[in-house]
Amino acid sequence: MKLIYFHGFGSSGASGTVELLRKLLPEDEIVAPDIPVDPLEAMPYLTELCQTEQPDIILGTSMGGMYAHQMHGFKRICVNPAVNMSTMSGVMKTGEHKFYNGRKDHAKTFRITRDIIQHHNQVERMQFKNLTKEDKENVWGLFGINDKTCNTYGLFSKHYPQCQRFEGEHQLNEKVLKKVVLPLIAEIMA
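Residues numbered from 1 in each chain as written. Predicted model: local features only at pLDDT ≥ 70, side-chain atom pairs only at ≥ 80, totals over all residues. Heavy atoms only, no water.

Caption draft 1: Region of interest: the sheet that holds strand β8 (residues 163-166). If you trace the six strands from one edge of the open sheet to the other, you get β2-β1-β3-β4-β7-β8, paired in parallel fashion. Strands with a single pairing partner mark the edges of an open sheet, and in this sheet they are β2 (29-31) and β8. Adjacent strand axes in the sheet meet at a mean angle of 20°, parallel and antiparallel pairs treated alike. As judged from the four bridges shared by strand β4 (residues 76-79) and strand β7 (residues 139-144), these two strands associate in the parallel manner. Looking across to β7, one finds that R76 is bridged to V139. Lying on the sheet, helix α1 (residues 16-24) is in contact with β1 (2-6), β2 and β3 (57-61); it crosses β1 at an angle near 165°. Where helix α2 (residues 39-53) meets the sheet, it contacts β1, β2 and β3, and its direction lies at approximately 170° from that of β1. (Pairing = 2+ DSSP bridges. Helix = DSSP H or I, 4+ residues; strand = E, 2+ residues; numbered from the N terminus. Axes fitted to C-alpha atoms, helices over the stretch in contact; angles between N-to-C directions. Contact = heavy atoms within 4.5 Å.)

This is how it looks when you write it as structure tokens:
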């Protein structure tokens, strides 16, 4: 199986989640890109990556879940998808921020500008437009009951019927991967 993992805000393809996925799925190929900070760069980059790699499944967490559900034509699991990044004032603040993990370009920091927040808003306004029956059948939403960062279950489940809650928080850990995410991947791939 080939899985593409889309990381959350301020993270990278070298996150702890990627390490866990590679440990728990040693026979499978895990592709984990560094997502550009600006969504107007990220969307075409991720779309092209998916077209080139042709993954069996896309797994996105938080901001990565927001991007993942928009990758039409693929099976997608969105964990705590941050489909409202532009209004998450606790996260999306203008100024200089540090990346949580190392990135391939060795960047240590990134800048959030008002333009980038506006670009997120543009992407968010369009993200649920023109969903097909196939989209609704190929997207699964997973939502941590104790997620204090973003709670988008109500909005997401209006568009995608395959949503469920799990005992957990915003970020994935090994327990949630083993008990929730990997069984869902196995079910989807069966």
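Caption draft 2: Spotlight on the layout of surface pockets. Computed from the structure, the largest pocket encloses a volume of approximately 530 Å³. Lining the largest pocket are 24 residues, with G8, F9, Y100, H170 and Q171 positioned closest to its centre. (1 Å grid on protein atoms, 1.4 Å probe; cavity = no way out; pocket = protein on both sides within 12 Å on 5 of 7 lines; lining within 4 Å. Points joined across faces, edges and corners; volume = space filled by probe spheres on them.)

Caption draft 3: Fine view of helix α7 (residues 174-189). Along α7, the helix axis deviates most sharply at V181, where the bend reaches about 35°; the proline P183 sits within four residues downstream. Where α7 is concerned, the buried positions are V176, L177, V180, V181, L182, L184, I185 and I188. Looking at the buried positions of α7, the neighbouring elements they touch are β1, α1, β3, β4, β7 and β8. Between a side-chain oxygen at the N-terminus of α7 and the backbone nitrogen of K175 the separation is 3.1 Å; the capping residue is N173. (Bend = angle between axes of the 7 residues up to and from the residue. Buried < 20%, exposed > 50% of the residue type's maximum accessible area, 1.4 Å probe, protein only. Polar contact = N/O pair within 3.5 Å; in protein donor to acceptor, adjacent residues only side chain to side chain.)

Caption draft 4: Inspection of empty space enclosed by the protein at higher detail. Tallied over the full model, the rule gives one cavity of 30 Å³ or more. Of the voids in this model, the largest cavity is the one considered here, and its volume is about 70 Å³. Taken together, H7, F9, G10, S11, I35, V37, M63, F99, R103, F110 and H120 make up the full set of residues lining the largest cavity. Partitioned by chemical class, the residues of the lining of the largest cavity number six nonpolar, four polar and one charged. (Nonpolar A, V, L, I, M, F, W, Y, C, P; charged D, E, K, R; others polar.)

Caption draft 5: Quick look at the pattern of salt bridges. Throughout the structure, instances matching the rule amount to six salt bridges. The residue K2 makes a salt bridge to E53 at a minimum N-O spacing of 2.8 Å. With a gap of 51 residues between them, K2 in strand β1 and E53 in helix α2 connect regions that are remote in the sequence. E174 is paired through a salt bridge with K23; the nearest N and O atoms lie 3.0 Å apart. (Salt bridge = Lys/Arg side-chain N within 4 Å of Asp/Glu carboxyl O.)

Caption draft 6: Representation of the nonpolar core in the model. If you look at the biggest cluster of nonpolar residues, it comprises 37 residues, and the most contacted ones within it are F6, Y67, M71, M85 and F156. Of all the elements in the fold, those that place two or more residues in this core are β1, α2, α3 (63-68), β6 (109-112), α4 (114-126) and β7. Core analysis: the second largest hydrophobic core is formed by 24 residues, Y5, L20, L177 and L182 among them. (Core = buried A, V, L, I, M, F, W, Y, C linked by side-chain atoms within 4.5 Å.)

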